[in-house]
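Observations on the model geometry
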Amino acid sequence: MIAYPTTLPVAADPVAPLPVPANGAPSPPGTFVPNILLVDDRPDKLLALEAILARLNANLVKARSGKEALRLLLQQDFAVILLDVSMPGMDGFETAAMIRQRPRTEHTPIIFITAIGNTRDHIAQGYSLRAVDYLNTPIVPDVLRTKVSVFVDLHRQTELIRQQSQQVNELNRALEERIRALTSANQELEAFNYSIAHDLRAPLRSMGGFARALVEDESSAMSESGRDYARRILRSAEYMDKLLLGMLTYSRLARSELPPHVVDLEEITAETLALVEREVRERSVKVEILSPLGRVLAHPVTMRQILANLIGNSLKFTAPDRAPLLRLFTTRAPGFVRLWIEDNGIGIAPQFHERIFGLFQRLHDSQTYPGTGIGLALVRKGAERMGGRAGVESELGQGSRFWVELPASE
Ligand code: ADP
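Residues numbered from 1 in each chain as written. Predicted model: local features only at pLDDT ≥ 70, side-chain atom pairs only at ≥ 80, totals over all residues. Heavy atoms only, no water.

**Notes on the pairing of strand β9 (residues 325-333)**
The pairing of strand β7 (residues 286-289) with β9 spans 4 bridges and is parallel. The partner of I289 across the bridge, within β9, is L328. Note: β9 against strand β10 (residues 336-343), 8 bridges, orientation antiparallel. By the bridge assignment, L326 is partnered in β10 with D343. (Pairing = 2+ DSSP bridges. Helix = DSSP H or I, 4+ residues; strand = E, 2+ residues; numbered from the N terminus.)

**What about the layout of surface pockets?**
The space that makes up the largest pocket amounts to roughly 950 Å³. Together, 38 residues line the largest pocket, and K316, R362, P370, G371 and T372 are the ones closest to its centre. Within the residue set of the lining of the largest pocket, elements represented by two or more residues are α6 (224-255), α9 (300-316), α10 (375-385) and β12 (400-407). Ranked by the residues each element gives to the lining of the largest pocket, the list is headed by α6, at 9 residues. Here the lining of the largest pocket is built from residues that sort into 13 nonpolar, 18 polar and 7 charged. (1 Å grid on protein atoms, 1.4 Å probe; cavity = no way out; pocket = protein on both sides within 12 Å on 5 of 7 lines; lining within 4 Å. Points joined across faces, edges and corners; volume = space filled by probe spheres on them. Nonpolar A, V, L, I, M, F, W, Y, C, P; charged D, E, K, R; others polar.)

**Here we look at the nonpolar core**
In this structure, L265, M303, L310, L339 and F402 are the most contacted members of the largest nonpolar core, which totals 40 residues. Considering each element in turn, this core owes the most residues, 6 residues, to α9. Counting 21 residues, the second-largest nonpolar core is a separate cluster that includes V39, A69, A96 and I110. (Core = buried A, V, L, I, M, F, W, Y, C linked by side-chain atoms within 4.5 Å. Buried < 20%, exposed > 50% of the residue type's maximum accessible area, 1.4 Å probe, protein only.)

**Topic: the sheet that holds β9**
Each strand in a sheet pairs with another by means of backbone hydrogen bonds, the pair being arranged parallel or else antiparallel. Spatially, β7-β9-β10-β12-β11 is the arrangement adopted by the 5 strands of the open sheet, whose pairing is mixed. The sheet is open, and its two edges are formed by β7 and β11 (389-394), each paired on a single side. Pairs of neighbouring strands in the sheet enclose a mean axial angle of 20 degrees, with direction left out of account. The pairing of β11 with β12 spans 6 bridges and is classified as antiparallel. Its bridge partner being in β12, G391 is matched across the sheet by W403. Along the sheet face, α10 touches β11 and β12 and points at about 135 degrees away from the line of β11. (Axes fitted to C-alpha atoms, helices over the stretch in contact; angles between N-to-C directions. Contact = heavy atoms within 4.5 Å.)

**What about the site of the ligand?**
Close contacts around the ligand come from 20 residues, with N313, K316, R362, T372 and L376 the closest. A distance of 2.8 Å is found between an oxygen atom of the ligand and a side-chain nitrogen or oxygen belonging to N313. With respect to the ligand, the side chain of R362 contributes an N or O atom lying 2.6 Å from an oxygen atom. Coverage of the ligand by the protein chains reaches 98% of its 530 Å² of free accessible surface. Elements that contribute at least two residues to the shell around the ligand include exactly α9, α10 and β12. Class assignment for the residues of the shell around the ligand results in 8 nonpolar, 9 polar and 3 charged. (Near = heavy atom within 4 Å. Polar contact = N/O pair within 3.5 Å; in protein donor to acceptor, adjacent residues only side chain to side chain. Areas by Shrake-Rupley, 256 points an atom, 1.4 Å probe, with all protein chains shown as cover.)

**Brief notes about the confidence of the model for the chain**
With 90% of its residues at a pLDDT of at least 70, the chain reaches an overall mean of 88. Every residue in residues 1-25 scores below 50 in pLDDT, and together they form 36 contacts with partners more than four places removed in sequence or on other chains. (pLDDT = per-residue confidence, 0-100.)

Below you can see the structure in the form of structure tokens.
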């Protein structure tokens, strides 16, 4: 027979709810204390079970009947249920059947405990209710403690994983919220940029117009330095207008829809080269296209803008000591086509490879190489907005290879 203790250890509050902190946040890892449900109609047996399991770090919750057990199971989760088979009214098997019918408790481990003879039918009935064990009295305390502790540990681990995945979900939600807020702030900024660039052009045009009038109509009434100042004002106004136009194009690209079409890279390259045909001829630029270039999914207008900028730069940043060369070819990565635009020009030192894709970033003064520093920012933004990327490989003095990677059309 089971030896009942004479002095009983004080168990934790049996009806303590699951340790959910007041703010709803999960308890810190390692502090979670699982519940164990002890069901027996006899208080002395409940006390004995309590004494055996007191050393486990768990809340021991007692029920004097199947009905009370079911009520407690509605309020709390349990790591394991120790269920007496022979109870007046609803017996252990009936109680287990009810427990299994509820989704919340259909998988809660049950250990049947009984003093009834060890008949095979009885055990079979216990296992048919998906009980995980069936123990006869007298109970060996160490055996019971070991069995129960396995479920307590399992429950603690499961709870930890649940809490962690809940934390991950909450973080994800917060992250998504933040991305939404940033995207909307970004859109507002882009709209703001656009309207500033747009509104600045009107007074600028008027300044430029008056400067031009001075240069063209009033030049005889001015001294040489007066004429020089007027010309400089005019040049600055024209340059600033180019910058504002570039900003407008960039803002438009960032904000507008770019529906994808199948774009034949060879066709679009030929179209872009046709625009600079005269320059290519006059400067004896050697152009090589390594066919076939393939097809991509892209927004044709944006694709033309990208190509015009990259080809334009290749023709602009040429080295004085060699005949300019422009080579276009493609390589493939799974799902993507990478178009390369290679030149044998002045090249770019590696530390500037990222910087030059920023808005208004230039490595040379505008006397040597005119420009606004907007072209490559457009290239990158355009590529990204079409689901691709853009980059460069280059060494100073060794020419450059710019690339644009876009989704393949196949
Ligand atoms: P822009 O051509 O108006 O200066 P970009 O944004 O197109 O502006 O280019 C930014 C800078 O990157 C250029 O000023 C230049 O310093 C460098 N760069 C771009 N393309 C090339 C190239 N093919 N070879 C060498 N440097 C280049």
